[in-house]
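Single-letter residue listing:
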Amino acid sequence: ERRGPVARDIFSFFHFAFVAGIIFFAVGAKKTLEHPDEALSTGGRWALGIGTAVYLLGSVIGRYRAIRAVAWERAAGAAAALAAAALLDDLDAALVLGVAVAILLAVVASESVRLREFRRGLVAPGP
């Protein structure tokens, strides 16, 4: 009974956050590629930060809706992306993009380490 409403919420409502985050990130990446060795514009910097944060927060909310667990690494990554957008106003565009990608990689790495034992428990032992 619960599976249908959960799937509906995740694949309709929360999916908008994923799409919006990707679009914002793409706008910021486009601004970066136009002039990678110059300071990134305010709009481009915030597009990268907001895009990263909205994407990560969409997954935090989706996970909470599905299994009632908070993805703390992703929430921290969203906060870091917004902080980077606010603080990195004089950095070259390529470096700002690099920081956004580093934040995403840190989120994935920390989540992988934390969930390693859980994933091992899901795999059936071999013969």
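Note that the structure is predicted; figures quoted are calculated from it, not measured.

Thresholds applied
Residues numbered from 1 in each chain as written. Predicted model: local features only at pLDDT ≥ 70, side-chain atom pairs only at ≥ 80, totals over all residues. Heavy atoms only, no water. Core = buried A, V, L, I, M, F, W, Y, C linked by side-chain atoms within 4.5 Å. Buried < 20%, exposed > 50% of the residue type's maximum accessible area, 1.4 Å probe, protein only. Helix = DSSP H or I, 4+ residues; strand = E, 2+ residues; numbered from the N terminus. Contact = heavy atoms within 4.5 Å. Expected span 1.5 Å × (residues − 1). Arc of directions from axis to C-beta. 1 Å grid on protein atoms, 1.4 Å probe; cavity = no way out; pocket = protein on both sides within 12 Å on 5 of 7 lines; lining within 4 Å. Points joined across faces, edges and corners; volume = space filled by probe spheres on them. Nonpolar A, V, L, I, M, F, W, Y, C, P; charged D, E, K, R; others polar. Axes fitted to C-alpha atoms, helices over the stretch in contact; angles between N-to-C directions. Parallel < 35°, antiparallel > 145°, perpendicular 65-115°, else oblique. Left-handed = near helix turned anticlockwise from the far one by under 90°.

K.L.:
Explain the nonpolar core to me, please; I cannot follow it from the model alone.
P.N.:
A general feature of soluble globular proteins is that nonpolar side chains tend to end up buried together. Counting residues in each nonpolar core, the largest one holds five residues, listed as Leu40, Leu48, Ala93, Val96 and Leu97. The element best represented in this core is helix 5 (residues 93-114), accounting for three residues. Residues in contact with leucine 48, not counting those within four places in the same chain, are Phe24, Phe25, Gly28, Ala29, Thr32, Leu40, Val96 and Leu97.

K.L.:
Explain helix 5 to me, please; I cannot follow it from the model alone.
P.N.:
Spacing of three or four residues puts side chains on the same side of an α-helix, whose turn is 3.6 residues. If you check helix 5, its first and last C-alpha atoms are 32 Å apart, about what 22 residues at 1.5 Å a residue would give, namely 32 Å. All of the buried residues along helix 5 are Ala93, Val96, Leu97, Ala100, Ile103, Val107 and Glu111. The buried side chains of helix 5 occupy one side of the element, clustering within an arc of 115 degrees when seen end-on. Residues Leu105 and Val113 are exposed on helix 5 and point more than 90 degrees away from its buried face. On its buried face, helix 5 sits against helix 2 (15-34), helix 3 (42-67), helix 4 (72-87) and helix 6 (116-122).

K.L.:
How should I be thinking about empty space enclosed by the protein in this particular structure?
P.N.:
By rolling a water-sized probe across the atoms, one finds the places where empty space is left. Scanning all chains against the criterion turns up one cavity of 30 Å³ or more. Here the largest cavity defines a volume of roughly 60 Å³. Every residue lining the largest cavity is listed: Arg45, Leu48, Gly49, Ala81, Ala84, Ala85, Leu88, Val96, Val99, Ala100 and Ile103. Residue assignment for the lining of the largest cavity shows that the elements contributing at least two residues are helix 3, helix 4 and helix 5. In terms of residue count, the dominant contributor to the lining of the largest cavity is helix 5 (four residues). Class assignment for the residues of the lining of the largest cavity results in nine nonpolar, one polar and one charged.

K.L.:
Just to check I follow, could you spell out helix 1 (residues 3-13) for this structure?
P.N.:
If you check which residues of helix 1 are buried, you get Val6, Asp9 and Ile10. One side of helix 1 holds all its buried residues, which, seen down the axis, span an arc of 90 degrees. On its buried side, helix 1 packs onto helix 2 and helix 3.

K.L.:
Explanation requested: the packing of helix 2 against helix 3 in the structure shown.
P.N.:
Where helix 2 meets helix 3, the axes come as close as 7 Å, and the angle between the chain directions of the two elements is 155 degrees. When the axis of helix 2 is compared with that of helix 3, the two are roughly antiparallel. For the element pair helix 2 and helix 3, the recorded crossing hand is left-handed. Residues Ala17, Phe18, Ala20, Gly21, Ile22, Phe24, Phe25, Val27, Gly28, Ala29, Lys31 and Thr32 of helix 2 form the contact with helix 3, whose own contacting residues are Gly44, Ala47, Leu48, Ile50, Gly51, Thr52, Val54, Tyr55, Gly58 and Ser59.

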